[in-house]
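Commentary on secondary and tertiary structure
Take a look at the letters that make up each chain.
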Amino acid sequence: MKSHAKVVVIGGGVVGCSVLYHLTKFGWTDVVLLERSELTSGSTWHAAGGMHTINGDPNVAKLQKYTVELYKEIEEYSGQDIGLHLTSGLMLAATPQRFDWLKSILAKGRYNGLEATLLTPKEAHEMMPLLDPDQFVGALYDPVEGHLDPYGTTHAYARSAKKNGAEIYLHTKVEELVQREDGSWRVITNQGEIIAEHVVNAAGLWAREVGRMVGLELPVLAMEHMYLITEDMPEVIDFNKTTGKELMHCVDFDGEIYLRQERQGMLMGTYEKACRPWSPLTTPWDFGHELLAEDIERITPELEVGFRHFPAFNNAGIKKIINGPFTFSPDGNPLVGPVRGLRNYWSACAVMAGFSQGGGVGLALANWMIYGDPGFDVFAMDVSRYGDYATLAYTNAKVRENYARRFSIRYPNEELPAARPLLTTPIYDRLKEAGGVFGAYYGLEQALWFAPKGEVDQFSWRRSNDFDVVGAEAKAARESVGLMETSGFAKYSVKGLGAEAFLDRLLTCRIPAVGRMTLAPMLKHDGKLIGDFTLAKLGEGDFLLIGSGIAEAYHMRWFESLLPKDGSVELQALGLSLLGLSIAGPNARKLLQKLTHQDLSTAAFPFMSIRRMDIGMAPAIVGRVSYTGDLGYEIWMKPEYQRYIFDRLMEEGAEFGIRLFGLRALNALRLDKSYGSWAREYRPLYGPFEAGLNRFVALSKEADFIGKAAAAKEKAEGGTLRLRTFILSARDADVIGDEPIYHNGAVCGWVTSGGYAPVSGLSVAVGYVPKGIADEAQGWSIELLGELLPARLQAEPLFDADGARMRA
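Residues numbered from 1 in each chain as written. Predicted model: local features only at pLDDT ≥ 70, side-chain atom pairs only at ≥ 80, totals over all residues. Heavy atoms only, no water.

1. Some remarks on the nonpolar core
Within the largest apolar cluster, 98 residues are counted, with the highest numbers of intra-cluster contacts made by Val-9, Leu-23, Val-200 and Ile-782. The biggest single contributor to this core is helix H9 (residues 354-371), with 9 residues. By size, the runner-up hydrophobic cluster in this structure holds 49 residues, among which are Leu-503, Leu-507, Ile-511 and Ala-711. (Core = buried A, V, L, I, M, F, W, Y, C linked by side-chain atoms within 4.5 Å. Buried < 20%, exposed > 50% of the residue type's maximum accessible area, 1.4 Å probe, protein only. Helix = DSSP H or I, 4+ residues; strand = E, 2+ residues; numbered from the N terminus.)

2. Re the sheet that holds strand S22 (residues 482-485)
Strand order across the open sheet formed by 6 strands is S29-S30-S31-S28-S22-S32, with mixed pairing between neighbours. Looking at which strands have only one partner, the edges of the open sheet turn out to be strand S29 (610-615) and strand S32 (659-660). In terms of strand pairing, S22 meets strand S28 (residues 579-584) through 4 bridges, oriented antiparallel. Residue pairing across strands places Gly-482 opposite Ala-584, the latter belonging to S28. (Pairing = 2+ DSSP bridges.)

3. Focus: the environment of Leu-423
Position of Leu-423 relative to the elements: it lies in the loop between helix H10 (392-404) and helix H11 (428-433). For the pair formed by Leu-423 and Glu-445, sequence separation is 22 residues and the distance between their alpha carbons is 6.1 Å. Dropping the residues within four chain positions of it, Leu-423 is found in contact with Tyr-389, Tyr-442, Gly-443, Leu-444, Glu-445 and Leu-576. (Contact = heavy atoms within 4.5 Å.)

4. A word on the packing of helix H5 (residues 150-163) against H9
Where H5 meets H9, the closest approach of the two axes is 12 Å, and the angle between their N-to-C directions is 5°. It follows that H5 is roughly parallel to H9 by the angle criterion. Here Pro-150, Thr-153, Thr-154 and Tyr-157 of H5 come into contact with H9, specifically with Phe-355, Gly-358 and Gly-359. Its residues placed into classes, the contact of H5 with H9 shows 3 nonpolar, 4 polar and no charged. (Axes fitted to C-alpha atoms, helices over the stretch in contact; angles between N-to-C directions. Parallel < 35°, antiparallel > 145°, perpendicular 65-115°, else oblique. Nonpolar A, V, L, I, M, F, W, Y, C, P; charged D, E, K, R; others polar.)

5. Thoughts on the side chain of Ser-763
As for its position among the elements, Ser-763 is in strand S36 (residues 762-770). For Ser-763, a relative accessible area of 5% gives the class buried. Of the polar contacts made by the side chain of Ser-763, one reaches the side chain of Asp-734; its length is 2.6 Å. (Polar contact = N/O pair within 3.5 Å; in protein donor to acceptor, adjacent residues only side chain to side chain.)

6. Thoughts on the pattern of salt bridges
Using the criterion set out here, one finds 48 salt bridges in the structure. Ionic pairing is found between Glu-655 and Lys-594, a salt bridge with its closest N-O pair at 2.7 Å. Pair noted here: Glu-655 is in the loop between helix H16 (639-653) and S32 and Lys-594 is in the loop between helix H15 (588-593) and S29, with a separation of 61 residues, a long-range link. We classify Lys-594 as partly exposed; its relative accessible area is 37%. Between Arg-648 and Glu-651 there is a salt bridge; the shortest N-O distance is 3.5 Å. You can see Arg-648 and its partner Glu-651 sitting in helix H16, 3 residues apart, about one turn around the helix. Classification of Arg-648 as partly exposed rests on a relative accessible area of 21%. Overall, the relative accessible area of 52% leaves Glu-651 in the exposed class. One network of salt bridges, with partners in common, ties together Glu-224, Glu-272, Arg-276, Asp-295 and Arg-298. (Salt bridge = Lys/Arg side-chain N within 4 Å of Asp/Glu carboxyl O.)

7. Examining the packing of helix H13 (residues 499-506) against helix H14 (residues 552-562)
H14 packs onto H13 with a crossing angle of 120° between their chain directions and a minimal axis gap of 11 Å. Handedness of the crossing formed by H13 with H14: right-handed. Residues Phe-502, Arg-505 and Leu-506 of H13 touch H14, and the partners they reach there are Trp-558, Phe-559 and Leu-562. Among the residues making up the contact of H13 with H14, the classes are represented as 5 nonpolar, no polar and 1 charged. (Left-handed = near helix turned anticlockwise from the far one by under 90°.)

8. Some points on the sheet that holds strand S35 (residues 746-757)
Around the barrel, 6 strands lie side by side as S33-S36-S35-S34-S37-S38; this closed barrel has antiparallel pairing. The average angle at which neighbouring strand axes cross in this sheet is 45°, direction not considered. Where strand S34 (residues 740-743) meets strand S37 (residues 780-784), 3 bridges bridge the pair, whose relative direction is antiparallel. Bridging across to S37, Tyr-742 finds its partner in Ser-781. Sitting on the sheet, helix H17 (residues 663-672) touches S35 and S36, and the angle it makes with S35 is about 120°.

9. Thoughts on the packing of aromatic side chains
As enumerated under the stated definition, the model contains 31 aromatic pairs in all. A centroid spacing of 5.1 Å and a plane angle of 85° characterise the contact between Phe-379 and Tyr-554, whose relative ring orientation is edge-to-face. Highlighted residues: Phe-379 in the loop between H9 and H10 and Tyr-554 in helix H14, separated in sequence by 175 residues. Grouping residues by exposure puts Phe-379 and Tyr-554 together as buried. Each residue in the set Trp-101, Phe-253, Tyr-258, Tyr-271, Phe-328, Tyr-403 and Phe-407 is aromatic and connected to the rest through ring pairs, giving one cluster. Here Lys-6 stacks its cationic end above the ring of Trp-28, 4.6 Å away from the centre of that ring. Directly above the aromatic system of Tyr-77 lies the positively charged group of Lys-163, at a separation of 4.2 Å from the ring centroid. (Phe/Tyr/Trp six-rings, centres within 6.5 Å; stacked < 30°, edge-to-face > 60°. Lys NZ or Arg CZ within 6 Å of the ring centre and 35° of its normal.)

Okay, structure coming up:
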């Protein structure tokens, strides 16, 4: 075994071998893979081997499409047969609600070039005669689906990597990881030691254990997963003989099953409600090519539905039942990328759909390691999307929920209950008593809307029972004054002699004067948006940065990688040590003035001002800004003062008819202003000029901020896209994001977010379209739940277009 390597990949499953191959493909050939047993000895060997390109997240779908397209390449390059069967596939809907969901999936695929088609039950039956058309209301046909041989595919990646110069050591168990002073790693194994510049945790079932070697508790859990294989079936044999084709894949979401042909029989698997974690605390190192005990009674309810939906199974004998462990993250997506606080330690684990996503994960991680960027928007898979709240018990609860619901509909207004409530603020009970309906974001309970007594969310793809209430909340904030909690925002303190210079390099904006705030985009080196913040200067060398709560660890990883090494900057994520409330509306100033002796007039405290002031008896930081786009204030305080300030605002606000509002009303209000938000309008796919953030990109400032050259080029050349707002001729449903935008009948763009704006009484969609047609007045339409609806370009904000109200 060699003594040094640039990269050591730990784990010889399909993901580890994909990472190894992609590193060599892009030129890093001094790479080694260590496997404790034989290749495929974890979850890979007993996988069903299915693959498909369709995914609810279009960015993940792109990586899945890449994975499937890669297979012929590695088969040819390696000379290893991978047993590739491109059979095509059906996604089936047994209810109208599920069919609505399939329509949304079809729409999302349109601008990614995924050629899927909606079918009637009769048409689906003609393509897949095992199904009973009377059990379904429709289907989605995907021509790019199939299955392959897990063993052959993994070895094709491995052979390709070895052909490019990689080395693979089998029966080499990693026992310890120790980082040296220069940042390199001592990888200590039962066969000796390797010094590596980079370590990749692709250990699959053992990813937790490899994480724990460096003090990391990854949110990953293995679940028992069962599928059965039938004896030969006459129906299968007859179809093969008559058509010369293999039966296609099927996913029956309402039956919670999937099936495909296996030789002359069928394979049927399920994600059962009565799911069971495997080895929830530690994974035994001596586990390998073993299966778990069969437990067909546990999956009987799903099989009964499956046998009803596919009657031929009633006459089929069961040849084999496979029960093996697969790893999952709390939301079912992989955990990929650099781990914050650990130099050159990379995660590539929890890739449950390894044969749909393994190639894309390998591509993204190799790009990230070699070029410093994944080359895609992979936030949905980024290991940094979880914070320290994702403990072992949290992960266990959320993974069980995710597994049991894998084939269930997740409605746009549905909040899942497992592992909640976990993080709450001091006014949680106040908001709950007022009817608060909560969602959890980055572990924190946040009020979505305030339901009348006895009401809860009624889940739907269309406007639901919250529609009128959210509208009333939004109107109250526009007509008098509304109050919402803003504790879910991420807050960062940046202090020290080098703080201003650090921020000047980090952000595109000009650094504000003391007592002032500004909007502050942040770019990657390639000029794409990696964040948007509000930057406030509280004093010399004392800054407060406010951003998206779900991106706290993601942004801290970036900040920390750029900190000066001389100690001149003190950076801290404040988390729940600084909480927030916001008041907005024409009476907001009158309300706040009742609680402070400081002059809040426009002359004394103009728009985008910030200062420390007492609210009643409580010290706070108050900024004159509001994401509603109206006259408003953000109030930040220590946790021990939040209840007091909340109660005083509600008491004094009674005179003005103050009303609580939640995140759904905030979304409606920001649509009135065409305001964008992180992870929707602002993400690493877009440049700042494409996103309409021109005035916050100070190309003329002296500081050479990150991405400045790329931003200057984008400004000069104009970029390729433009963010635009549209008014949609909607009836009982509104866009939520990823719907295709058409111009003159052709797909040209996509919706990033939207909804109903109750104050304006209009359905709004925000999205990106090509620069060349972005200002065309006519010819627009947007696909929503299978219908192509007329849309018109909205050139200026619906509310307070000139900003007079918010600056008054």
